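# Fold and contact review
One letter stands for each residue in the lines below.
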Amino acid sequence: MARLDDVIEELVTANRILARENVVDSFGHISVRHPGNPQRYLLSRSRAPDCIEPDDIMEFTLDGAAVDGRERAPYLERFIHGALYEARPDVMSVVHHHSESVIPFGVTSWKIKPVFHMGASIGHEVTVWDSHDHFGDTSLLVENMDMGRDLAEAVGAAATVLMRGHGATVAGRTIRHAVYISVYLELNARLQKQAMDMGEVKFLTPGEVEKVRGRTGSYGINRAWENWCRRAGRQFRPEQSESRL
Ligand code: MN
């Protein structure tokens with residue numbers, strides 16, 4: 001099992017990378033399932049990702065209650081994370097963000113689909129969850145477990161979901177994997193829009209998506225991670241083979 005301190009350092013690095021790579025801005029967050037207790041997760045206090053330090057990381061039960069809050073204010077939308085961990089034992093890290101290029105695809109009939117091989121990790125087609133379907137007029141924020149569970153149901157077995165008029169949520173098997181999918185979801189959306197502006201788009205076929213995803217192992221993800229650490233000014237640490245990270 002990974003040491004808790006190491007997991008917290010990795011989570012801080014992930015926050016800085018997501019900020020540097022334009023997945024999150026002042027808003028958005030990433031969590032990791034607790035390495036010693038699958039019924040809990042780790043997530044920063046409510047703070048912009050690029051500002052986050054190890055002491056900001058809080059521990060939550062899956063229903064979103066802080067274990068030792070020390071009067072730190074949590075993110076309102078933490079229920080996204082707990083609901084995903086509750087529904088998906090295979091998910092070890094969750095990213096929620098409002099990255100700019102994905103938003104138009106949540107409010108039109110165009111679906112995000114991989115337009116290049118690096119986009120295959122997002123899945124063959126990204127589902128759109130509309131909070132209005134079951135909850136009517138809301139602030140669009142996932143502010144309780146009912147909304148979190150409804151979102152998790154829309155995610156199903158997938159790695160990505162868009163949220164209409166709001167953003168996206170990504171589920172990964174490690175912190176690095178969740179960051180990887182998030183970065184390429186944003187880039188794929190941007191490139192897809194450019195391609196659509198030029199004419200008819202030939203997307204990757206479902207078979208191509210499966211073949212690329214089958215090759216996306218820790219080797220490629222760690223290569224990207226080292227580069228992103230450099231760009232974010234964070235120390236690169238080799239992945240710990242004995243851990244779920
Ligand atoms: Mn949000």
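You'll find the structure just up there.
These notes cover the structure that comes with them. (Residues numbered from 1 in each chain as written. Predicted model: local features only at pLDDT ≥ 70, side-chain atom pairs only at ≥ 80, totals over all residues. Heavy atoms only, no water.)

Moving on to the overall build of the protein chain. Across its full length, the protein chain holds 8 helices and 7 strands. For the protein chain, the C-alpha radius of gyration of 17 Å lies close to 18 Å, the compact-globule estimate for 245 residues. If you line up the protein chain on its principal axes, its C-alpha atoms span 55 × 45 × 30 Å. Residue burial in the protein chain is summarised as follows: out of 245 residues, 50% are buried. Considering only residue pairs separated by 6 or more positions, the protein chain has 66% of its internal contacts joining residues 24 or more positions apart. (Helix = DSSP H or I, 4+ residues; strand = E, 2+ residues; numbered from the N terminus. Rg over C-alpha atoms; globule rule 2.2 N^0.38 Å. Buried < 20%, exposed > 50% of the residue type's maximum accessible area, 1.4 Å probe, protein only. Contact = heavy atoms within 4.5 Å.)

Here the structure, examined in full by the defined rule, presents 6 aromatic pairs. Seen in terms of ring centroids, Tyr184 and Trp228 are 6.3 Å apart; in terms of plane orientation they differ by 45°. Their pairing is tilted. One end of the pair, Tyr184, is in helix 6 (residues 175-198); the other, Trp228, is in helix 8 (residues 218-232), and 44 residues separate them in sequence. As far as burial versus exposure is concerned, Tyr184 and Trp228 are alike and both buried. (Phe/Tyr/Trp six-rings, centres within 6.5 Å; stacked < 30°, edge-to-face > 60°.)

For the rest of this paragraph, the subject is the pattern of salt bridges. One pass over the full model with this rule turns up 17 salt bridges. Of the charged contacts in the structure, one is a salt bridge between Arg45 and Asp56, with a shortest N-O distance of 2.7 Å. Here Arg45 is found in the loop between strand 2 (40-44) and strand 3 (57-61), whereas its partner Asp56 is found in the loop between strand 2 and strand 3, with 11 residues between them in sequence. Its salt-bridge partner being Arg47, residue Asp56 comes within 2.8 Å of it at the nearest N-O pair. On the basis of relative accessibility, which here comes to 5%, the residue Asp56 falls in the buried class. For Arg47, a relative accessible area of 29% gives the class partly exposed. If you follow the salt bridges from partner to partner, you end up with Arg3, Asp5, Asp6 and Arg237 in one network. (Salt bridge = Lys/Arg side-chain N within 4 Å of Asp/Glu carboxyl O.)

Turning our eyes to something else, we now look at helix 8. When the terminal C-alpha atoms of helix 8 are compared, their 20 Å separation across 15 residues agrees well with the 21 Å that a helix rising 1.5 Å per residue should span. Within helix 8 the residues assigned to the buried category are Ile221, Asn222, Ala224, Trp225, Trp228, Cys229 and Ala232. Angular distribution of buried residues about the axis of helix 8 spans 160°; they occupy a single face of the element. Pointing more than 90 degrees away from the buried face of helix 8 are the exposed residues Tyr219, Arg223 and Arg230. Those residues of helix 8 hidden inside the fold are in contact with helix 1 (4-20) and helix 6. Gly233, located one to two residues past helix 8, shows a positive phi value of around 70°. (Expected span 1.5 Å × (residues − 1). Arc of directions from axis to C-beta.)

Turning to helix 6, a few remarks are in order. The end-to-end C-alpha separation of helix 6 is 35 Å, in line with the 34 Å expected for 24 residues at 1.5 Å each. Just downstream of helix 6 lies Gly199, where phi reads positive at about 150°.

Our focus in this paragraph is the environment of Lys202. Here Lys202 is to be found in the loop between helix 6 and helix 7 (206-215). In this structure Lys202 comes out as exposed when scored by relative accessible area, which is 76%. Sequence separation between Lys202 and Pro114 is 88 residues; the distance between their C-alpha atoms is 9.5 Å.

In this section: the coordination of the manganese ion. Here the manganese ion is held by Glu77 (OE), His96 (NE2), His98 (NE2) and His166 (NE2), and the distances to it run 2.0 to 2.2 Å. Each donor residue of the manganese ion belongs to the same chain, and together they define the spacing E-x18-H-x1-H-x67-H. (Donors = N, O, S within 2.8 Å, 3.2 Å for Na, K, Ca; no water.)

On to unusual backbone geometry. A positive phi is found at Asn22, a non-glycine position, where the angle reads about 65°. One non-glycine residue, Glu71, lies in the positive phi region at around 60°.

Ile30, Ile112, Ile175, Val179, Leu185 and Trp228 are the most contacted members of the largest nonpolar core, which has 65 residues in total. The greatest single-element share of this core, amounting to 9 residues, is contributed by helix 6. Sequence-distant contacts of Val179, that is, excluding residues within four places in its chain, are made with Ala14, Ile17, Leu18, Ile30, Trp225 and Trp228. (Core = buried A, V, L, I, M, F, W, Y, C linked by side-chain atoms within 4.5 Å.)

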